[in-house]
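Observations on the model geometry
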Amino acid sequence: MKVYTDISDFKNVKNPVVTTGTFDGVHFGHQKIIDRLKSVANKIGGESVLLTFHPHPRMVLFPNDEDLKLLSTREEKIKRLEAAGLDHLIIYPFSRKFSRRTATEYVRDLLVNEIGVKSLVIGYDHQFGRNREGNFEQLIELAGIYDFKLEEIPAQELDDVKVSSTKIRNALLQGDVKTASKYLGHDYKVSGIVVKGRQLGRELGFPTANISVLDRYKLIPGDGVYAVRVKVNKKNFKGMLNIGYRPTVGGLFKATMEVNIFEFNENIYGHYIGVEFVKRLRDEIKFDSMEELKVQLELDKIQALNAY
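We now turn to the structure provided with this report.

1. Some points on unusual backbone geometry
Cis peptide bonds are those with omega within 30 degrees of zero, and the linkage from H54 to P55 qualifies with 0 degrees. Tracing the backbone shows P55 in the loop between β3 (47–54) and α2 (57–61). Positive phi values are uncommon outside glycine, yet N12 reaches one of about 55 degrees. On the secondary structure map, N12 appears in the loop between β1 (2–4) and β2 (16–20). Since its relative accessible area comes to 82%, N12 is described here as exposed. Here the phi dihedral of D147 falls at roughly 60 degrees; this positive angle occurs in a residue that is not glycine. Structurally, D147 can be placed in the loop between α6 (136–146) and β6 (149–153). On the basis of relative accessible area, D147 is assigned to the exposed category, the value being 66%.

2. Observations regarding helix α1 (residues 28–44)
Across its 17 residues, α1 extends 25 Å between first and last C-alpha, which sits within 8% of the 24 Å expected from 1.5 Å per residue. Where α1 is concerned, the buried positions are G29, H30, I33, I34, L37, V40 and A41. Viewed along the axis of α1, the buried residues span an arc of 140 degrees, placing them on a single side of the element. Facing away from the buried side of α1 by more than 90 degrees, the exposed set consists of N42 and K43. Note on α1: the residue one or two positions beyond its end, G45, has a positive phi of about 65 degrees.

3. Remarks on the sheet that holds strand β9 (residues 224–232)
Remark on secondary structure: sheet strands pair via backbone hydrogen bonds, oriented parallel or antiparallel. An order of β7-β8-β11-β10-β9-β12 is seen for the six strands of this closed barrel, with the pairing classed as antiparallel. Between one strand axis and the next, the sheet turns through 45 degrees on average, direction left out of account. The pairing of β9 with strand β12 (residues 272–282) spans eight bridges and is classified as antiparallel. Bridge pairing in β12 places V230 opposite V275.

4. Here we look at the environment of K279
Counting through the fold element by element, K279 comes out in strand β12. In this structure K279 comes out as partly exposed when scored by relative accessible area, which is 35%. Sequence-wise, K279 and V225 are 54 residues apart; in three dimensions their C-alpha atoms are separated by 8.8 Å. Ignoring anything within four residues of it in the chain, the contact list for K279 reads V177, K178, V225, Y226, A227 and A307.

5. Comments concerning the pairing of strand β5 (residues 119–123)
By the criterion of burial, β5 is predominantly enclosed, with five of the five residues buried. Side chains S119, V121 and G123 of β5 all project onto a buried face; the interleaved residues L120 and I122 project onto the opposite face, where all are buried too. Across five bridges, β5 lies against β6 in parallel orientation. Its bridge partner being in β6, L120 is matched across the sheet by L150.

6. Some points on the sheet that holds strand β4 (residues 88–93)
Strand order in the open sheet made by the six strands is β1-β4-β3-β2-β5-β6, with parallel pairing throughout. Single-partner strands in this sheet number two, and they are β1 and β6. Averaged over neighbouring strand pairs, the angle between their axes works out to 25 degrees when direction is ignored. Pairing analysis gives two bridges linking β2 to β5, with the strands arranged parallel. The residue bridging V18 from the neighbouring strand is L120, located in β5.

7. Some remarks on a nonpolar patch on the surface
Side chains of V295, L299 and I302 sit close together on the surface and give an oily, nonpolar patch of about 260 Å² of accessible area. Here V295 shows up in helix α10 (residues 290–305). On the accessibility criterion, V295 (39% relative accessible area) is partly exposed.

8. Structural notes on the environment of K97
With respect to the secondary-structure elements, K97 resides in helix α4 (residues 96–99). Taking relative accessible area as the criterion, K97 reaches 68% and is therefore assigned exposed. With 33 residues separating them along the chain, K97 and R130 place their C-alpha atoms 9.9 Å apart.

9. What to know about a positive patch on the surface
Together, K79, R80, K231 and K234 line one region of the surface with positive charge. Here K79 shows up in helix α3 (residues 74–83).

10. Side note on the pattern of salt bridges
Summed over the entire model, instances satisfying the criterion amount to 10 salt bridges. In this structure, R58 engages D65 in a salt bridge whose closest nitrogen and oxygen atoms are separated by 2.5 Å. Relative accessible area serves as the criterion here: at 33%, R58 is assigned to the partly exposed category. Overall, D65 belongs to the buried group, its relative accessible area being 17%. Salt-bridge contacts for E76 lead to K218; the nearest nitrogen and oxygen are separated by 2.8 Å. Placement of E76 in helix α3 and of K218 in the loop between β8 (209–212) and β9 is noted, with a sequence separation of 142 residues between them.

What counts, and at which threshold
Residue numbers run consecutively from 1 along every chain, following the written order of its sequence. Local features are withheld for residues below a pLDDT of 70 in this predicted model, meaning they are given only at 70 or higher, and side-chain atom pairs are given and counted only at 80 or more; totals for whole chains, interfaces and linings count all residues. Where side-chain values are given, they derive from all heavy atoms of the structure, hydrogens and water being excluded. Helix numbering and strand numbering both begin at the N terminus, where a helix is a DSSP run of H or I of at least 4 residues and a strand a DSSP run of E of at least 2. Note on classification: 1.4 Å probe, protein chains only; a residue is buried when its accessible area is under 20% of the maximum for its type, exposed when over 50%, partly exposed between these limits. To estimate the expected span of a helix, subtract one from its residue number and multiply by 1.5 Å. In this description, one arc is meant: the one made by directions from the helix axis to the C-beta atoms. If DSSP finds at least two bridges between two strands, the strands pair. Axes, fitted as lines to C-alpha atoms, cover a helix only where it is in contact. Angles between the N-to-C directions of the axes lie from 0 to 180 degrees. Note on contacts: a residue pair qualifies if any of its non-hydrogen atoms lie within 4.5 Å across the two residues. Patches draw on residues past 30% relative accessible area with no salt bridge. Two like charges within 9 Å are joined, as are two nonpolar side chains (Val, Leu, Ile, Met, Phe, Trp, Tyr) within 5 Å. Note on areas: these come from Shrake-Rupley sampling with a 1.4 Å probe, and a residue is covered only by the protein chains present in the view. By definition here, a salt bridge exists when the distance from a side-chain nitrogen of Lys or Arg to a carboxyl oxygen of Asp or Glu is within 4 Å. Only four residue types enter the tally: Lys and Arg on the positive side, Asp and Glu on the negative side; His and the chain ends are excluded. Where a charge lies is defined by one atom per residue type, namely NZ (Lys), CZ (Arg), CG (Asp) and CD (Glu).

If you want it as structure tokens, here you go:
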């Protein structure tokens, strides 16, 4: 898959078959659309193209909106789209100036003149252009004017995408990572940099790596203890992870995410780390003593090892 962040680099592509969207999470519903895109491209001897935008439009139009939470970072989305078999990914820079393009300008200038769309695969309820003024009926008209074919994604498939995205987000917020994985088609992943904490876990015999998530829009699963897979220094490990406020040791005003990596004893402060959520083990609990907490952590480790 070729990735373009500058539209001028998108050249010499044979019969571009294009769809557009955020494709956050690249879940099973999105895979149906990609498969349809590839099928249309194969039918006309073309190449599949996904047009997406970065930053997310809501980040630009509503910069103070703290409710926006995404299932995938840009890098994660690229990897998933490549695995899905897409030929070309255009990551177009979204700006306030771009948002003021009319629907006709969007189709004529971007899809036709810059991308050279041969066939557009789009949903019946797709809205585009300034103030989302463009709709499917207008696309039918513009397809005739600018000589490209228009393929409609069935309503059921679009509904699958919306339902899947909602179910994934709700499941993760509730800590139900099993349901999220079912709809994603893979375990949910969060990445960040290891930062120094209070090192209380080390005193209990369960040293933890505190993860600072770099993308503030990344959705973090609900509080609790999880069995996870850990990737650090290009190696894979098993582990258990806590998201919460650590009530037993005095509590915090802001939730932290810290992982105990099994069979691991290295200094990784400042290192990049990724965790994949396998199973939620329990709620975060306030214990009466550090000894009680240590006993529970030992039980958690047994549970975590049985979760894989």
